[in-house]
Structures are given as structure tokens and as C-alpha cells.
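Geometric and topological summary
Residues per chain, in single letters:
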Amino acid sequence: MINGLLTSCDTVVVFITTNGYMNMFIKKNLTTLIQNTIYNNSNLKKRLPLAVIASASLLLAACGPNANETLSSTKPDQYGFTPASEYTVELNNAVLGQLPFENKQDFTDANRGFIATLPEFVVKYSDGETIMDLSDYDFVNGQAPDSVNPSLWRQAKLNNINGLFKVTAGIYQIRGFDLANMTVIEGKTGWIIVDPLTTAETAKKALDFVNKQLGYRPVSTIVFTHSHMDHFGGVAGLLEAAGNDVADIEVVAPGGFMEAATNENIIAGPAMTKRASYMYGNLLPRSARGHVDAGLGKAVPFGTFSILTPTLTVNSDETKIIDGVEFEFQIVSGSEAPSEFTFYLPKMKAYCGAEMVSKTMHNLYTLRGAQVRDAVVWSKSIDAAIETQKDAEIYFGSHHWPVWGQENINEFLVTQRDTYQYIHDQSVRMLNAGLTPKEIAEEIEMPPELAKTFSSRGYYGTAKHNAKAVYQAYLGWYDANPVNLDPLPEYESAAKYVKLMGGAKAVIINAQAAYDKGEYRWSAELLNHVVFADADNDAAKELLASSYDQLGYQAESAPWRDVYLSGAYELRHGAADKVIDLASMKAILLQTPVDKFFESMAARVIGPDAFGEEFTLNINFTDLEQNYVLTLNNAVLRHKLAPKDAAANATLNINHELFIDLVIGVAGVSEVLLSDDLSIEGSTLGLISFFSLLDQPEGVFNIVTP
Ligand SMILES: [Zn+2]
């Protein structure tokens, strides 16, 4: 299975380290320790982390094992996931009485205009691995199992509804083939495609299906609504299915799109990738005790990612005629994504809300880790849409199903707007009253009108963790209690707590008592001390995993569920040795500013190793006619675009694409040695020791154990 990932529907993370590979390359090149096997090895992917890791925020949840077998109500399943406890069953049953499940409007809307779907939707990567197989989710039907919150189950059922749908005359959508939607608008000369999905593989399949069902038309225009990977990553597959020349295609995007799409969160990629694997549950079985949904869509596909440079950038609220269709754009950058627009099609009276609004509470903070989003900007952007979209008869978006009718659209927009504003205002009120993030999360209560609105419920973001995001935005990590200013790290305090509490056995007995009373947050906290004091304590690990099982089963948020269950999975099976196939990212890395590689390199310098070291290196991109001077001093690596420094210790002359190939490991050594696109001048030994100062983060680390 290919694991890795890179994207998030929240943000794109692209992180790169060049150091490991380059280090290896130079050593081999110069010391004749060439081992072609490293590069030609069929196990190449396993070696890639040594070279580079790239990731993007849409963690691509690779398909987990299918576990549709009947679950015993009393025994763990084959992965160790325990049955729902009586407390979990009770809490989940109670949900049935708290929400208006009798309201089936979303199901009506999600099915409205259905044209056709593929009887079997299976998409494979170039190596034959399955990227997405919708039959994995056949078990999501009927009543909610004990081990799934009924509200999340409802969302999972809605996200199971897939195929090609007619939204209105001239507007169609592919839904459920990917995490995101692809919208197809009839232009004068061809299809206007809005958001070509996450991967080339899913996008190709989607457009082929559209052309088969509706009759072939060339693609005249591609519209990227925003800078998150699940809305542009599939463009290469779209071009393949389009069959017409890319030169004839207009590519429309909001201002700042390329910068945001290629750069966002580049530096913290390894950590985000690992964390995203928790958030999207990509290791979990697809089953009633595993992954059931992503909240925002079914799941994140993992395949080939691509990008295309816009030919038409929209920088302000303005009207454009695109292939004969009038688009009224609204810039909403800084709300859900750093670069984003929505648009209104007056002739069809249809409003595309992109991802500014969706059929869930979204994330002010995303659990994979990212900078927090501005709830006020977000809310104001929706408020502006309420004014400008008064005539809209149809809403459609980048995720989920449309809304028909002016009144319904207005109500939807108002509740989305007020959801973010309420969380903001109440969190600020409480932080000004001195409440800490944990206390605010515990206290915040959504107004009944919003709480009973399914589209404002926390299937993706939650009020609890979004409230903490508001605190973070204003006050940062410190809660002002001196005890939290410089506390002992967990691995030290855990051992002391366990000793103080009478030893591991005594703690486990108490944790078991808490577990038996259904106090899973408390049993987890107690057991976390034991596990961090002794990672080999299997009894503590299993009881902690069982506590996480129940917390996951109770969660309404798909990411919360996946986070808890991924923690349980890791406690039982160990941390995954995840690797990313960077070749899948080449098209995007080629568009990533070179600057970003060097910023990433600077953040890999192993400080203490570099104490007292000084080094100057020219990296000369021969095809770009750009030279970067890298200077190491005070254990800080700085770079600048400048002419070659004649006094540099070494110079690496290299072609940009070869540099990317080296980074992602697709170029073989023999190829490189024979290439005219690379040469080294100056101190080769110095170059080797320079690269040895750089860390090689693999993005593989423990989370639930020390
Ligand atoms: Zn998205």
C-alpha cells in the first residue's frame, strides 16, 4: 500500500528536505560507494524518507483494510477494537432523541437530480494499489451500529450518496468519488470544470464518466475555487480525460493561489503528515469500529497530485464572462483558505460557495496541525454572501450536496455565519473572564437553533476544539498559570505520578474502575501516565486503547473518531512506518518556489552539530539562471538569490528538474552521473560534511507512546 500523503482539504502542506538524499548522493558520487540498488531497488519507497518527505495537508487516507465482517457484541475484532460499552451505547442512543433525524431534507437534496453512478468505483494508482474503492463503505447503511455516533452515521450515509447529479440546467456535479466535489458547467464551447478533485486518477475517472453520460465536450475552462489540494490536485487527470489541448484551456483562480497552493505549511510537513494520518484515519479498517467517513466527504484518495498555473487570476469582487457564462466573483481569502473565491451565476441563479460554507461546522483549527483561521473574517465573508446572494435559487459547493430555494439558502448561510461568530464571541467572552482553553471548551454550548441544525454540527470541526483555536488566536499557548510556564515534560512527570500513585498496577486498577464507570476521558488520562512512564506496559496500553475505542465510538466528529481510533490502533499495533511516494508530487514540487526548499533546509540544521561551523555554498540552477548562496553561521543556514559567491566553499551546478528528481528520488545515480545538468566545484568533502549537519525527519514518530 502506498501511504503518504499530502493534502488536506483544509490546507496544503508541502514539506521537503533535500538533505538526506543529497547527502547520500554526494557521498556516493564522491566516495565511489555507489550502490545502484538503493535507487533501483523495488523497495525504493522504503528508502524515500531518507531522501525527502513531502506532504500536503489533505492527508490522503489510503484505503485501509476492509473489515465488513459481522462484529461480535462481546469480542474485539481482528484489529483489537473492542465492542461499544453499555455507556457508549447509552450515549449514542441518546443522540437519537436530541436531533431532528425525522428531517430528511438533506437526503432528498443529496439524491436530487441523480443521473447515474458507476456500479463499481475502484480507482488504482500506477503501481496497481487501490486509491479509492467505494464498496469499502457498503456497510454504511441502515441504523447506526452501537460503535458509531448516530449523527456521524447520518453524515456518513449522506456522503455515501455518489455519482453524477444535475444541479440545474447547465450545472452538474460529480459527488462522492473523492473527498471533494467536481462541478461541471456548460460553457459556450465546452465544459467549465470547477475543482478537479484531489488526484489525477479520481479526476480522470470523473470526467470520463461525465462525458459518457452527458456526451463528450472538450474542457474550455478549469476553475480552482481555492488553494487546498482536494480542489486542484486532480487537474492532470482531468487534462488527460479532456482530450483537448491544454493551451486552449482557460485556468481561473483567486489571487495568491499558486503561492498558497505550493507553499502553505511547507516547513512543518513531516509533523503534519503524521498527524494527518490520525485525523483522516488512513490506517484504520473501513468498518463500524473503524473509519466510516471524513465528515467533509467520504475519504481522502491517495494518488497522483498535480497543479496548473492560472491564466486568469481574480483579485477582487468582479464579474467575468467565462466561455460565454457570466461569473460574479466574491473574494473570500482568509476565511477557510488563504486564497479562495466564491461565485454567482446570475443566469442560472446559482451560487457556488466553494468551501466557505459546507454541510458541517468546519475547522478554525485543524487537528493535523496548522495555523488557526480567523473566525471573524470567515463569518464576515459569509455575511457578505448573504447580502450578495439574495437572488440565488440554488447553492452548490466544493463539498456535500446543494441547497435549493432562496429561503433555505439564506437560512443555511445565516447558520453557517453565526456558528463561527458565536464560537468566536463566546470564547473571547470566556477568555476575558479568565477561563483557560480547557475550561472554555468544557463550557461552550451552541445555541439551540444552531445545535439542531445539521449543517452546523461538528462533523469536521467541533465547537470544543474551535473554541481553543480562538483562544490560541488571541492569547497563544500559555494559559497564564505559572505551573504551565515550565512544567516537566511528560516522560518525567509521568514516572513521578505513577510512583506517587502507588505504582503502575495501582494506577491501572483505578483506571479500570474509571473505565468500568464509563469515565473514559479520566481512564485515558490516568493510563497515559503509565504508558509514558513505561511504554512496555501492555496492560496499560490495552486499557488505554479500549478507552480510546469508546471515545472514538462516541464522537460525532469524523476526525475526532479517527484520531481516537488511530491512537488505539497505534497502541495495539505500533507506529506505522509510513512513507510517501514523492513521485506523485513531482508536478506540484516543480511549481513550488525554490526558496521554499532552502527555508525547509534551514529548519533541518541540527543546531548543536553546527555549533562553530561555517560554510558557504552556491546552488546554481543552470536552467533557471538563478544562483542561491547558502551561508551557515551561528548554526543558522541563510539563503539568498545572488550571483555566485566566488569565496564559497563549494558550488553545485544543477538543473531545476534534476534537483526535484533528486529530491523525490526518481533520478537514478547513473543518470545523474552522466547528466550534463549537474557538476560540483570546490570542496567536495566540505560539501559532504555540510549535508551531514542536516536532520532527516521521516515524519514517522510515536504519538500515544513516548
Ligand atoms: Zn476541500
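Overview of the structure. (Residues numbered from 1 in each chain as written. Predicted model: local features only at pLDDT ≥ 70, side-chain atom pairs only at ≥ 80, totals over all residues. Heavy atoms only, no water.)

**Some thoughts on the packing of helix 12 (residues 406–432) against helix 15 (residues 463–475)**
Helix 15 packs onto helix 12 with a crossing angle of 60° between their chain directions and a minimal axis gap of 9 Å. The pairing of helix 12 with helix 15 is recorded here as oblique in orientation. Relative to helix 15, the crossing made by helix 12 is right-handed. Contacts between helix 12 and helix 15 pair Ile 423, His 424, Ser 427, Val 428 and Leu 431 from the former with Ala 463, Asn 466, Ala 467, Val 470, Tyr 471, Tyr 474 and Leu 475 from the latter. (Axes fitted to C-alpha atoms, helices over the stretch in contact; angles between N-to-C directions. Helix = DSSP H or I, 4+ residues; strand = E, 2+ residues; numbered from the N terminus. Parallel < 35°, antiparallel > 145°, perpendicular 65-115°, else oblique. Left-handed = near helix turned anticlockwise from the far one by under 90°. Contact = heavy atoms within 4.5 Å.)

**Some details on the nonpolar core**
The nonpolar side chains of soluble globular proteins are, as a tendency, buried together. Formed by 84 residues in total, the largest nonpolar core has its most connected members in Met 182, Leu 207, Phe 224 and Leu 617. Of the residues forming this core, the biggest block, six residues, is contributed by helix 24 (residues 656–664). When residues no more than four places from it in sequence are discounted, the contact partners of Leu 207 are Met 182, Trp 191, Ile 193, Val 219, Leu 238, Ala 241 and Ala 242. Residues Leu 364, Tyr 395, Val 403 and Ala 469 belong to the second largest nonpolar core, which totals 33 residues. (Core = buried A, V, L, I, M, F, W, Y, C linked by side-chain atoms within 4.5 Å. Buried < 20%, exposed > 50% of the residue type's maximum accessible area, 1.4 Å probe, protein only.)

**Remarks on the sheet that holds strand 18 (residues 626–633)**
One open sheet accounts for five strands, arranged 19-18-17-20-21; its pairing is mixed. Only two strands of the sheet have a single neighbouring strand rather than two, namely strand 19 (636–641) and strand 21 (678–682). Ignoring strand direction, the axes of neighbouring strands in this sheet form an average angle of 15°. Pairing analysis gives seven bridges linking strand 17 (residues 615–621) to strand 18, with the strands arranged antiparallel. Considered in strand 18, the bridge of Phe 621 is made with Gln 626. Across the sheet, helix 24 lies against strand 17, strand 20 (650–654) and strand 21, angled at about 100° from strand 20, the strand it touches most. (Pairing = 2+ DSSP bridges.)

**Things to note about a negative patch on the surface**
Negative charge collects at one region of the surface, where Asp 609, Glu 613, Glu 614 and Asp 695 lie side by side. Locating Glu 613 in the fold gives a position in the loop between helix 23 (607–610) and strand 17. (Patch = residues over 30% accessible without salt bridge, like charges linked within 9 Å, V, L, I, M, F, W, Y side chains within 5 Å. Areas by Shrake-Rupley, 256 points an atom, 1.4 Å probe, with all protein chains shown as cover. Salt bridge = Lys/Arg side-chain N within 4 Å of Asp/Glu carboxyl O. Lys, Arg positive; Asp, Glu negative; His and termini not counted. Charge placed at Lys NZ, Arg CZ, Asp CG, Glu CD.)

**Describing the sheet that holds strand 7 (residues 191–194)**
Note: strands within a sheet are paired through backbone hydrogen bonds, in either parallel or antiparallel orientation. Strand order in the open sheet made by the eight strands is 1-4-5-6-7-8-9-10, with mixed pairing throughout. Looking at the sheet topology across the chains shown, the edges are occupied by strand 1 (114–116) and strand 10 (312–314). Ignoring strand direction, the axes of neighbouring strands in this sheet form an average angle of 25°. As defined by bridge partners, strand 9 (residues 250–254) adjoins strand 10 across three bridges and the pair is classed as parallel. Bridge pairing in strand 10 links Val 252 to Leu 312. Those strands touched by helix 8 (residues 235–242) are strand 6 (182–186), strand 7 and strand 8 (219–223), and its axis lies near 170° from that of strand 8.

**As for the side chain of Gln 173**
Along the chain, the position of Gln 173 falls in strand 5 (residues 171–175). There is a polar contact of 2.8 Å between the side chain of Gln 173 and the side chain of Arg 175. One polar contact links the side chain of Gln 173 to the main-chain carbonyl oxygen of Gly 397, over a distance of 3.1 Å. In this structure Gln 173 touches Gly 163, Leu 164, Phe 165, Val 167, Asn 181, Met 182, Thr 183, Phe 396, Gly 397, His 400 and Pro 402, once residues within four positions along its chain are discounted. (Polar contact = N/O pair within 3.5 Å; in protein donor to acceptor, adjacent residues only side chain to side chain.)

**Describing the side chain of Asn 537**
Summarising the element assignment, Asn 537 is placed in the loop between helix 18 (520–533) and helix 19 (538–554). A polar contact is formed between the side chain of Asn 537 and the backbone nitrogen of Ala 539, at a distance of 3.3 Å. If we ignore the near neighbours within four places in the chain, the residues touching Asn 537 are Ala 504, Ile 508 and Val 530.

**Concerning unusual backbone geometry**
Most peptide bonds take the trans form, and the phi angle of most residues other than glycine is negative. Although it is not a glycine, Lys 349 sits at a positive phi angle of roughly 50°. Despite not being glycine, Ala 354 shows a phi value in the positive range, around 50°. Its location among the elements puts Ala 354 in the loop between strand 14 (350–352) and helix 11 (375–388). The buried category is assigned to Ala 354, whose relative accessible area is 0%.

**Section: the packing of aromatic side chains**
Scanning the model with the defined rule gives 32 aromatic pairs in all. On the numbers, 6.3 Å between centres and 80° between planes, the contact of Phe 224 with Phe 232 is edge-to-face. Here the two residues Phe 224 and Phe 232 agree in accessibility, since each one is buried. Site record: aromatic cluster; members linked through ring pairs are Phe 327, Phe 329, Phe 341, Phe 343 and Phe 396. Directly above the ring of Phe 412 sits Lys 359, whose terminal nitrogen or CZ lies 4.8 Å from the centroid. (Phe/Tyr/Trp six-rings, centres within 6.5 Å; stacked < 30°, edge-to-face > 60°. Lys NZ or Arg CZ within 6 Å of the ring centre and 35° of its normal.)

**Comments concerning the pairing of strand 17**
Counting buried residues along strand 17, seven of its seven residues qualify, which places the element largely inside the surrounding structure. Alternating residues of strand 17 divide into Phe 615, Leu 617, Ile 619 and Phe 621 and Thr 616, Asn 618 and Asn 620, and every residue in both groups is buried. Remark: four residues form the turn of the hairpin made by strand 17 and strand 18, two consecutive strands paired antiparallel; Glu 625 in that turn has positive phi of roughly 55°. Where strand 17 lies against strand 20, five bridges are found, and the strand directions are parallel. Each residue of the ladder has a partner; that of Phe 621, found in strand 20, is Ile 654.

Interpretation in functional terms is not warranted from these geometric data alone.
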